[in-house]
Amino acid sequence: MAWSITHPSGNDLVTLSHPLAHRRGKQQAIVALAHSLLVSIYHMLRDHQPYGDLGPDHFDRLVSARIQHHHVRRLEQLGYVVTLTPAGGA
């Protein structure tokens, strides 16, 4: 089942497996994807909730937020007051 998930695009599980396949290999990426799938199924059964796909850009947003938080915290440690405003005037 994990192998079949890796072929279509446009879901969060595919975006999890492709970078991992390049780093570790296809077989380990499939095992990691199967583990993630089992954890998701467990939570769906435990909480009686349907599966909600997070979208193909979910992990990119997580990384972006983590990098932003890291740099803001680092600047505050150096004694700066940081105020973030989105680029583009929005």
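Let us look at the structure shown here.

Reading the values: rules and limits
- Residues numbered from 1 in each chain as written.
- Predicted model: local features only at pLDDT ≥ 70, side-chain atom pairs only at ≥ 80, totals over all residues.
- Heavy atoms only, no water.
- Helix = DSSP H or I, 4+ residues; strand = E, 2+ residues; numbered from the N terminus.
- Expected span 1.5 Å × (residues − 1).
- Buried < 20%, exposed > 50% of the residue type's maximum accessible area, 1.4 Å probe, protein only.
- Arc of directions from axis to C-beta.
- Contact = heavy atoms within 4.5 Å.
- Salt bridge = Lys/Arg side-chain N within 4 Å of Asp/Glu carboxyl O.

### Considerations on helix α4 (residues 58–77)
Piece 1. Between its terminal C-alpha atoms α4 stretches 29 Å, which fits the 28 Å expected from 20 residues at 1.5 Å a residue.
Piece 2. Where α4 terminates, the next one or two residues include G79, which has phi positive at roughly 100 degrees.

### Some details on helix α3 (residues 26–47)
Piece 1. Helix length check: α3 (22 residues) gives 31 Å between terminal C-alpha atoms against 32 Å at 1.5 Å per residue, within 8%.
Piece 2. A29, I30, L33, S36 and L37 are the residues of α3 that are buried. The arc that holds every buried residue of α3, seen down its axis, measures 125 degrees, which confines them to one face. Within α3, the exposed residues directed more than 90 degrees away from the buried face are Q27, V31, H35, L38 and L45.
Piece 3. Downstream of α3 by one or two residues, H48 has phi in the positive range, about 55 degrees.

### With respect to the environment of R61
Piece 1. Within the fold, R61 resides in helix α4.
Piece 2. Each C-alpha atom of the pair R61 and H71 lies 16 Å from the other, and the pair is 10 residues apart in sequence.

### Side note on the environment of A29
Piece 1. Along the polypeptide, A29 turns up in helix α3.
Piece 2. On the basis of relative accessibility, which here comes to 4%, the residue A29 falls in the buried class.
Piece 3. The sequence separation of A29 and Y42 amounts to 13 residues, and the corresponding C-alpha distance is 20 Å.
Piece 4. If we ignore the near neighbours within four places in the chain, the residues touching A29 are S17, L20 and A21.

### Here we look at the pattern of salt bridges
Piece 1. This model, assessed by the stated rule, comprises one salt bridge.
Piece 2. Of the charged contacts, one joins R46 and D47 as a salt bridge, the two residues approaching to 2.9 Å between their closest N and O atoms.

Such coordinate-based values are descriptive only and should not be taken to indicate function.
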